[in-house]
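Geometric and topological summary
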Amino acid sequence: MADTERAVRHGQLLSSLLRADARPSEIRWQLVELTRMRASVAECAGRVEFYSRMLTEGRSTAAAHAQNVLAELHNEGALASADVVSLSRAVLARPEKKLVRAQLSWLDRTVRDEPGCASAAVRVLAEAIETTADIGLRERMARIITRQLRVADERTREELADAARAWEIEERFTLPPPAPLARFTVARTVVETVQLYRRVTARPHDDWSLDERFLDAVIRFTYRDRNELSTALGRLIDHEVPAAQQDPSWWQRQQQRRWCDRQPWSMRTLAAIATGALRYPPRGPTRSTPLTDRMAEWGTLVLEGAVLPPFALATPTFDNGGIDAAELVERLREYAELGLRPGPVDFAQALVRVAPTARPEVLLMADALRPPEGARLAAWLRSDHSDAETDAFPNYLSAALRGPPPNKRGHSSPLSEYQLPIPEVQAAWMSWVDRDRLSRIVNLPGTKGPRVHRAVMAALVSQDIRDRTAGVDALAALATADELRPDLLARALPVRAQTGRLASSLRDTRRVLGAHRTWPLLAAILPVLFASNPTPGLPDVVAVAADCARKSGARGDLPGLDAVLRRGDASRLAAAARALSVALSSN
């Protein structure tokens with residue numbers, strides 16, 4: 001091969017190896033050809049930029065080849081020692097441990113041969129040691145820093161002392177308070193109610209709040225001024241319902257009756273009943289849900305000419321579907337003043353939407369309400385809903401409150417978090433990681449017990465990094481609300497936990513919550529992991545624990561740690577355990 005062709009082919013191979021979309025098989029054969037080419041030092045010296053990019057950005061196999069070529073160039077004097085130090089900053093941040101170990105050896109040799117580079121090398125190592133998770137690599141970096149610090153200049157020693165202060169006990173920071181819950185907006189005028197009707201009947205939708213707002217508006221405005229509501233909605237309903245006019249003939253009434261036999265309970269039939277256009281209850285197939293049953297309950301009162309309630313008890317207070325306890329107590333008090341008894345379905349839906357409370361004034365007002373609703377509400381507000389009496393609820397609520405069938409997977413909750421905003425109940429129905437649902441569940445008011453913590457742990461050890469990020473966000477939400485229970489999280493560990501994934505999640509938790517709040521989690525989780533069979537990722541979890549223990553000032557004994565130390569081997573687990581033991585004993 002001529003020199004010109006050889007140079008062109010050399011450049012083509014290097015360019016191909018730098019492609020981000022190159023296949024592993026392509027990289028393998030290109031490296032074989034590049035090795036067989038046996039490029040001389042002079043040929044490689046003219047392409048240092050390509051080899052440097054391959055070392056810092058290329059695939060692991062290509063980076064290893066570039067590392068060997070650049071090391072040879074450095075030995076031959078074709079690569080400056082300052083360039084070796086500069087390259088090391090990016091290489092030490094790579095995830096390949098073999099590549100990092102080789103770079104550390106090369107950097108250490110470089111400083112021994114040229115002590116003038118010691119100051120720059122120490123700075124690079126000080127940055128790398130902060131971001132390296134592997135305890136073995138961190139110990140090796142620390143040893144190299146100790147050796148090279150003797151020949152570094154005084155300014156570098158002062159800068160390293162400043163960096164060392166960051167390794168001291170971390171200052172506890174205050175988490176921001178939970179954001180206030182957004183209020184549920186209701187229609188304030190009949191015009192808004194008409195607009196809602198157009199939206200809920202125009203096309204199928206999955207916005208639960210539209211249906212809730214329309215039902216609330218129809219109930220309120222029917223009580224306040226039914227004539228105004230009938231006039232406004234009548235223009236839209238009269239052409240949709242047969243025989244909607246006043247004083248229909250016998251034949252027209254029969255026509256409407258037959259039409260009702262085919263119609264389910266819906267927003268259209270509810271509006272027709274409210275305006276007086278529909279005189280018979282819909283008897284078509286209707287799926288029983290909290291919303292349709294509440295529509296049927298209120299619509300039956302209208303058709304029977306009974307006294308109507310001024311508002312619905314189950315209308316949410318907040319956008320998450322929840323009802324403020326004090327507001328529900330006030331609604332029941334107004335019902336009592338009007339001599340009204342709540343509808344069973346409406347009251348049941350309101351009951352499951354209200355969160356427990358410890359406010360004594362609310363509990364006293366609930367106790368003073370008329371029985372039996374007052375007694376049920378007072379008992380519900382004082383309970384954590386874990387052992388709710390399901391027989392007192394409609395069938396669909398009872399089934400949801402009981403949870404999924406035992407020893408069966410693949411079931412999802414029959415009711416959404418907006419219809420049943422009880423965290424423990426919703427978490428019991430989570431048989432797979434659902435990031436959006438998990439976020440909503442941990443932000444619901446109410447007790448966050450073992451089921452919620454089990455759902456969070458499932459996300460923390462998930463294969464999908466997006467699930468693990470959602471798990472860390474859930475931990476932050478629980479910690480912000482002071483509802484994070486390390487003991488429940490430890491009990492939720494799977495039998496064969498993926499400790500490597502757990503270590504990744506805990507490192508992110510350490511960055512979000514700080515060492516002081518992450519250490520209690522690790523102190524509860526590690527004894528469980530020590531008592532089970534060691535897994536490949538356990539040393540990484542212990543390394544995170546050592547970092548958190550040192551920065552949080554933790555001290556004391558950790559069950560199971562002594563047993564690991566007594567093994568006395570040279571494994572990564574033993575090295576991480578020694579670092580954790582030193583941190584706990586030196587604080």
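For the structure itself, consult the block above.
Cut-offs and rules
- Along each chain, numbering runs from 1 in the same order as the chain's sequence is written.
- Per-residue local features of the predicted model are confined to residues with pLDDT of at least 70, and side-chain atom pairs are confined, for both listing and counting, to 80 or more; whole-chain, interface and lining totals are unaffected and use all residues.
- To get the side-chain values, take all heavy atoms of the structure and skip hydrogens and water.
- We count a stretch as a helix when DSSP gives it H or I for four or more residues in a row; a strand needs E for two or more, and each element gets its number in order from the N terminus.
- Any residue under 20% of the maximum accessible area for its type is buried, any over 50% is exposed, and the rest in between are partly exposed; the area is computed with a 1.4 Å probe on protein chains only.
- We call two residues in contact whenever any of their non-hydrogen atoms come within 4.5 Å of each other.
- The span one expects for a helix is its residue count, reduced by one, times 1.5 Å.
- For helices, the axis comes from a line fit to the C-alpha atoms of the stretch in contact; other axes are also lines fit to C-alpha atoms, and the angle between any two N-to-C directions lies between 0 and 180 degrees.
- Our angle categories are set so that under 35 degrees counts as roughly parallel, over 145 as roughly antiparallel, 65 to 115 as roughly perpendicular, and the remainder as oblique.
- Should the near helix be turned counterclockwise from the far one by less than a right angle, the crossing is left-handed, whereas a clockwise turn marks it as right-handed.
- Residues are grouped as follows: Ala, Val, Leu, Ile, Met, Phe, Trp, Tyr, Cys and Pro are nonpolar; Asp, Glu, Lys and Arg are charged; every other residue, Gly included, is polar.
- Here, nonpolar core refers to any group of buried Ala, Val, Leu, Ile, Met, Phe, Trp, Tyr and Cys residues whose side-chain atoms link them within 4.5 Å.

Along the polypeptide, glutamine 30 turns up in helix H2 (residues 24–37). The buried category is assigned to glutamine 30, whose relative accessible area is 14%. What glutamine 30 contacts, discounting residues up to four positions off in sequence, is Leu13, Ser16 and Leu17.

Our focus in this paragraph is helix H28 (residues 538–552). Side chains three or four residues apart in an α-helix point the same way, a direct result of the helix having 3.6 residues per turn. Between its terminal C-alpha atoms H28 stretches 21 Å, which fits the 21 Å expected from 15 residues at 1.5 Å a residue. With 15 of 15 residues buried, H28 lies mostly within the body of the structure.

As a further point, take helix H30 (residues 572–586). Relative to the 21 Å expected for 15 residues at 1.5 Å per residue, H30 spans 21 Å between its end C-alpha atoms, a close match to the ideal helical length. Within H30, burial applies to Leu573, Ala574, Ala575, Ala576, Ala577, Ala579, Leu580, Ala583 and Leu584.

Moving on to the packing of helix H6 (residues 81–91) against helix H7 (residues 97–113). Relative to each other, H6 and H7 sit at 155°, their axes nearing to 10 Å. Looking at the two axes, H6 sits roughly antiparallel to H7. H6 and H7 meet at a crossing whose hand is left-handed. Counted together, Ser81, Val84, Val85, Leu87, Ser88 and Val91 of H6 and Leu99, Val100, Gln103, Trp106, Leu107 and Thr110 of H7 form the full contact between these two elements. Considering only residue class, the contact of H6 with H7 consists of 8 nonpolar, 4 polar and no charged.

Once that is clear, we can look at the packing of H2 against helix H5 (residues 60–75). For the pair H2 and H5, interaxial distance at closest approach is 10 Å and the crossing angle is 20°. Judged by the angle between their axes, H2 and H5 are roughly parallel. Both H2 and H5 take part in a crossing whose hand is left-handed. Note on element contacts: H5 touches H2 through Thr61, Ala62 and His65, opposite Ile27, Leu31, Leu34 and Thr35.

This part takes up the environment of threonine 56. By secondary structure assignment, the location of threonine 56 is in helix H4 (residues 48–57). On the accessibility criterion, threonine 56 (23% relative accessible area) is partly exposed. Through-space distance from the C-alpha of threonine 56 to that of threonine 189 is 64 Å; in sequence the pair is 133 residues apart. Apart from residues no more than four positions distant in its own chain, threonine 56 is found in contact with Leu87, Ala90, Val91 and Arg94.

Bringing the nonpolar core into the picture now. One finds Val456, Met457, Leu502, Trp519, Leu526 and Leu580 to be the most contacted residues of the largest nonpolar core, which totals 57 residues. With 38 residues, the next largest nonpolar core counts Val200, Ile219, Ala272 and Leu278 among its residues.

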